[in-house]
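Letter by letter, the chains look like this.
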Amino acid sequence: MNIIAAVDNNWAIGNKNELLVRIPNDQKFFREETMGKVIVLGHRTLLTFPQGMPLQGRKNIILSRDTKLQVKNGLVVHSLKELGEELKQYDSEDIYIAGGESIYQQLLPYCDTAHITKIDRSYEADRYFPNLDRMSEWQITQDSEEQTYFDLEYVFLKYERVGAPEKF
């Protein structure tokens with residue numbers, strides 16, 4: 001399974017239920033990487049999407065404890081067990097974990113590839129991605145040339161797990 005995020009120097013991903021910054025090339029990368037695939041996300045992350053609706057062209061699975069939550073054009077599951085059962089029907093290479101913080105923390109052990117846009121800036125934040133640079137089981141296997149968006153510099157990094165991920 002894949003996990004995908006944009007992080008700052010402190011591995012921050014958001015503040016007050018918003019992304020830290022929107023970088024068109026990062027959004028393009030996310031779109032190209034996940035189009036036609038399965039994305040798994042939490043309810044708060046869903047609310048940051050345009051009109052708070054599932055992204056088109058992808059199977060959107062929302063992991064939420066809210067048993068009354070219904071999402072048009074999205075599937076809501078309420079536990080890791082239920083999510084695991086649902087994901088069995090898909091190739092793990094076609095599954096992308098797309099946030100937020102608690103979803104990333106819960107599902108990182110099941111992932112073998114991480115697509116990280118690393119932004120060379122430190123933002124005020126209240127949500128974080130696990131720091132892969134401090135985890136010996138994760139290694140950078142690809143990195144892009146440095147990119148610039150106005151005064152922001154960033155790189156696209158691919159991390160891969162050394163050894164097999166956990167199974168649901």
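Going by the structure above, here's the rest.
Residues numbered from 1 in each chain as written. Predicted model: local features only at pLDDT ≥ 70, side-chain atom pairs only at ≥ 80, totals over all residues. Heavy atoms only, no water.

## A look at the pairing of strand β2 (residues 12-15)
At step 1: Relative to strand β9 (residues 127-128), β2 is paired through 2 bridges, and the arrangement is antiparallel. The residue bridging G14 from the neighbouring strand is R127, located in β9.
At step 2: With 2 bridges connecting them, β2 and strand β3 (residues 18-19) associate as antiparallel partners. For G14, the partnering residue across the bridge sits in β3 and is L19.
At step 3: As consecutive antiparallel partners, β2 and β3 are separated by 2 residues, and within that stretch K16 has a phi angle of approximately 55 degrees, a positive value. (Pairing = 2+ DSSP bridges. Helix = DSSP H or I, 4+ residues; strand = E, 2+ residues; numbered from the N terminus.)

## Section: the nonpolar core
At step 1: In terms of nonpolar packing, the biggest core is built from 29 residues, with V40, I97, I116, F129 and L132 touching the most fellow members.
At step 2: Counting only elements with at least two residues in this core, the list comes to β1 (2-7), β4 (38-42), β5 (59-63), α3 (80-87), β7 (95-97), α4 (101-107), β8 (113-119) and β12 (152-161).
At step 3: Excluding residues that lie within four positions of it along the chain, I97 makes contacts with M1, N2, I3, I4, V40, I103, Y104, L107 and C111.
At step 4: Core analysis: the next-biggest nonpolar cluster, separate from the first, contains 13 residues, I4, L41, L69 and Y96 among them. (Core = buried A, V, L, I, M, F, W, Y, C linked by side-chain atoms within 4.5 Å. Buried < 20%, exposed > 50% of the residue type's maximum accessible area, 1.4 Å probe, protein only. Contact = heavy atoms within 4.5 Å.)

## Observations regarding the pairing of β12
At step 1: Buried residues dominate β12, accounting for 7 of its 10 residues.
At step 2: Both β8 and β12 contribute to a ladder of 7 bridges, which runs antiparallel. When the sheet's bridge partners are listed, I116 is paired in β12 with L157.
At step 3: Here strand β10 (residues 138-143) pairs with β12 via 5 bridges, running antiparallel. Counterpart to Q142 in the pairing with β12 is K158.
At step 4: Here strand β11 (residues 147-149) runs beside β12; their pairing, made up of 3 bridges, is antiparallel. Among the inter-strand pairings, Q147 is bridged to a residue of β12, identified as Y154.
At step 5: Linking β11 back to β12 in an antiparallel pair, the connection comprises 2 residues, with F150 at a positive phi of about 50 degrees.

## Observations concerning the layout of surface pockets
At step 1: Here the largest pocket is characterised by a volume of approximately 1000 Å³.
At step 2: Forming the walls of the largest pocket are 40 residues, and the residues nearest its centre are T45, T48, A98, G99 and G100.
At step 3: Of all the elements, α4 adds the most residues to the lining of the largest pocket, at 5 residues.
At step 4: Here the residues of the lining of the largest pocket are counted per class, giving 16 nonpolar, 15 polar and 9 charged.
At step 5: Its volume calculated, the second largest pocket comes out at about 260 Å³.
At step 6: Together, 13 residues line the second largest pocket, and M1, S92, Y110, K167 and F168 are the ones closest to its centre. (1 Å grid on protein atoms, 1.4 Å probe; cavity = no way out; pocket = protein on both sides within 12 Å on 5 of 7 lines; lining within 4 Å. Points joined across faces, edges and corners; volume = space filled by probe spheres on them. Nonpolar A, V, L, I, M, F, W, Y, C, P; charged D, E, K, R; others polar.)

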